[in-house]
Amino acid sequence: MLAAALLPLTLAPEAATAQSEPVAPSLRHHLVAHYDFGHPVRGNPSWERDRGFSGTDIQLVNGGQAMRTWDDRRGHVLRTRQISPTTAGNDDWKAGVYGANGVPTLHAFNSAREATVMGWFKMTGENPAPNSGSADPDDRYGAIGLAGVLSGTSQGHDVRALLELINVDGVMRVVALGRRVDGGSSQTFAADADWQKLLPRGTWVHLAATFDYDDGTMALYRNGHAVPGFYTLSGDPWAIEGPPEPDEASPTDPRGIKIGGSYPQNTREGNPCDCRMDDLMFLDRALGPDEVRAQYRRTG
């Protein structure tokens, strides 16, 4: 769906001022998609307008316009959450877009050498959520969905670039998870620190994950500062050793974007996040530390 004129939203003066120039000039040509959840598509408020260059509007799945929540600090933000923790289904509130043959507006991530996913997140409820697909009432999902770009062959879960929390050897961690080749191995860079210290409940935190598919590196940032961590796989999971050079992501358009959980086509529930989110940005370049810090300060 192509973006159209804006529906009127009443923003607090301080929110309007803070968001008037939300993107650093050096990043604008790399900002594939950007969502601030204050720009519904005219005539269809269950869709959010993309403020990046691609025009990839996203759907507010299951909750529609009710998912735009007023936040005293940040103005209009996105609310995601699980609805029925004891019932298997697909009614969780999440956002995104999905195309079984790829999403052409996301072509900048086709054969990409780099990527960045970043935004503001606030944990607001019970995370990780109860696994509604399990008969065990004590079973919980092994991940908490934040935001990511799907791979070119994704079923709604597999990703090319993802910022998320996942269970690593029995411990929930904030991670950057990337996949260079469709259907190939992913690699994960996991934060050392306790996830609840990085994302304390009720506190807005800026997170960024960067991906360099050519040299095989990833990084995490919290509030503009690098987060110490470790790679979960040794060896060459992205198959970058040897020719040809440079190494790039698969030459396919991503099948979409997922926010707040998996399966943006709404076929099932997966890894819902009881969260608020704002200023989600998807770039076709791996930002450096100074750029991440500058963008954090610009939208903070």
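What counts and how
Residues numbered from 1 in each chain as written. Predicted model: local features only at pLDDT ≥ 70, side-chain atom pairs only at ≥ 80, totals over all residues. Heavy atoms only, no water. Helix = DSSP H or I, 4+ residues; strand = E, 2+ residues; numbered from the N terminus. Rg over C-alpha atoms; globule rule 2.2 N^0.38 Å. Buried < 20%, exposed > 50% of the residue type's maximum accessible area, 1.4 Å probe, protein only. Contact = heavy atoms within 4.5 Å. Areas by Shrake-Rupley, 256 points an atom, 1.4 Å probe, with all protein chains shown as cover. Lys, Arg positive; Asp, Glu negative; His and termini not counted. Charge placed at Lys NZ, Arg CZ, Asp CG, Glu CD. Pairing = 2+ DSSP bridges. Disulfide = S-S within 2.5 Å. Phe/Tyr/Trp six-rings, centres within 6.5 Å; stacked < 30°, edge-to-face > 60°. Lys NZ or Arg CZ within 6 Å of the ring centre and 35° of its normal. Core = buried A, V, L, I, M, F, W, Y, C linked by side-chain atoms within 4.5 Å. Arc of directions from axis to C-beta.

Asker: So what's going on with the overall build of the protein? Which residues, and what values?
Answerer: Looking only at helices and strands, the protein has three helices and 18 strands in total. For 300 residues, the compact-globule formula gives about 19 Å, and the C-alpha radius of gyration of the protein, at 18 Å, lands near that figure. The principal-axis extents of the C-alpha atoms in the protein amount to approximately 55 × 50 × 40 Å. Looking at the protein as a whole, 56% of its 300 residues are labelled buried. When contacts within the protein are restricted to residue pairs at least 6 apart in sequence, long-range pairs at least 24 apart make up 71% of them. Summing over all exposed atoms, the protein offers an accessible surface of approximately 12,100 Å²; the carbon and sulfur share of this is 49%. Looking at charge distribution, the protein has the averaged site of its 28 positive side-chain charges lying 6 Å from that of its 37 negative ones.

Asker: For the sheet that holds strand E11 (residues 171–179), give the residues involved together with the corresponding values.
Answerer: On the basis of which strands lie adjacent, the open sheet formed by 10 strands has the order E2-E3-E4-E7-E17-E9-E10-E11-E12-E16 and antiparallel pairing. Every interior strand has two partners, whereas the edge strands, strand E2 (40–41) and strand E16 (229–231), have only one. Here strand E4 (residues 58–61) pairs with strand E7 (residues 94–98) via three bridges, running antiparallel. What sits directly across from Gln59, in E7, is Gly96.

Asker: For the state of the cysteines, give the residues involved together with the corresponding values.
Answerer: The tally for this structure, following the rule as stated, stands at one disulfide. The disulfide bridge from Cys273 ends at Cys275, spanning 1.5 Å between sulfur atoms. Relative accessible area serves as the criterion here: at 0%, Cys273 is assigned to the buried category.

Asker: Can you explain the packing of aromatic side chains? Please cite residues and give values.
Answerer: Under the defined criterion, the tally for this structure stands at four aromatic pairs. Taken together, a centroid distance of 5.1 Å and an interplanar angle of 65 degrees make the contact between Phe189 and Tyr231 edge-to-face. Highlighted residues: Phe189 in strand E12 (residues 186–191) and Tyr231 in strand E16, separated in sequence by 42 residues. Looking at Tyr231, the relative accessible area reads 34%, which means it is partly exposed. In this structure, Arg74 packs its charged tip against the face of Trp204, placed 5.8 Å from the ring centre. Against the face of Trp93 rests Arg81, its NZ or CZ located 4.4 Å from the ring centre.

Asker: I'd love a proper account of the nonpolar core, names of residues and values included.
Answerer: If you look at the biggest cluster of nonpolar residues, it comprises 51 residues, and the most contacted ones within it are Ile259 and Phe282. Once residues within four sequence positions are removed from consideration, Ile259 is found in contact with Ile58, Leu78, Lys94, Ala95, Leu146, Ala147, Met277, Leu280 and Phe282. Listed in part, the 12 residues of the second largest apolar core include Leu27, Met118, Ala208 and Leu287.

Asker: An account of unusual backbone geometry is requested, with residue identities and associated values reported.
Answerer: With an omega of 0 degrees, the peptide bond running from Pro243 to Pro244 counts as cis. Counting through the fold element by element, Pro244 comes out in the loop between E16 and strand E17 (256–259). Here the bond from Glu245 into Pro246 is cis, since omega is -5 degrees, no more than 30 degrees from zero. Note that Pro246 resides in the loop between E16 and E17. Even without a glycine there, the phi angle at Ser111 is positive, about 60 degrees. Mapped onto the elements, Ser111 comes out in the loop between E7 and strand E8 (114–123). Of note, the phi angle at Asp169 is positive, near 50 degrees, even though the residue is not glycine. Judged by relative accessible area, which is 79%, Asp169 ranks as exposed.

Asker: Describe helix H3 (residues 289–299), listing the residues and the values that go with them.
Answerer: Buried residues of H3: Val292, Gln295 and Thr299, and no others. Along the long axis of H3, the arc covered by the buried residues comes to 70 degrees, so they all point the same way. Opposite its buried face, H3 presents the exposed residues Asp290 and Arg297, each directed more than 90 degrees away. On its buried face, H3 is in contact with E8, strand E13 (205–212), strand E14 (217–222) and strand E18 (275–283).

Asker: Break down the pairing of strand E6 (residues 75–80) for me, with residues and values.
Answerer: In terms of residue burial, E6 counts as a mostly covered element, since five of its six residues are buried. Pairing of strand E5 (residues 68–71) with E6 involves four bridges; the strand directions are antiparallel. Of the residues in E6, the one forming a bridge with Asp71 is Gly75. Following E5, the chain reverses through three residues before pairing antiparallel with E6.

Asker: Give me the pairing of E11: which residues, what numbers.
Answerer: Of all nine residues in E11, eight are buried, a share of seventy percent or more. The pairing of strand E10 (residues 159–168) with E11 spans eight bridges and is classified as antiparallel. In the strand pairing of E11, Asn167 is matched with Met172. Where E10 hands over to E11, the hairpin turn is made up of two residues, of which Asp169 adopts a positive phi near 50 degrees. Where E11 and E12 come together, five bridges link them in antiparallel fashion. Its bridge partner lying in E12, Ala176 is registered against Phe189. Between E11 and E12, which follow one another and run antiparallel, lie six residues, and Gly183 among them has a positive phi close to 80 degrees.

Taken by themselves, the reported measurements are silent on function.
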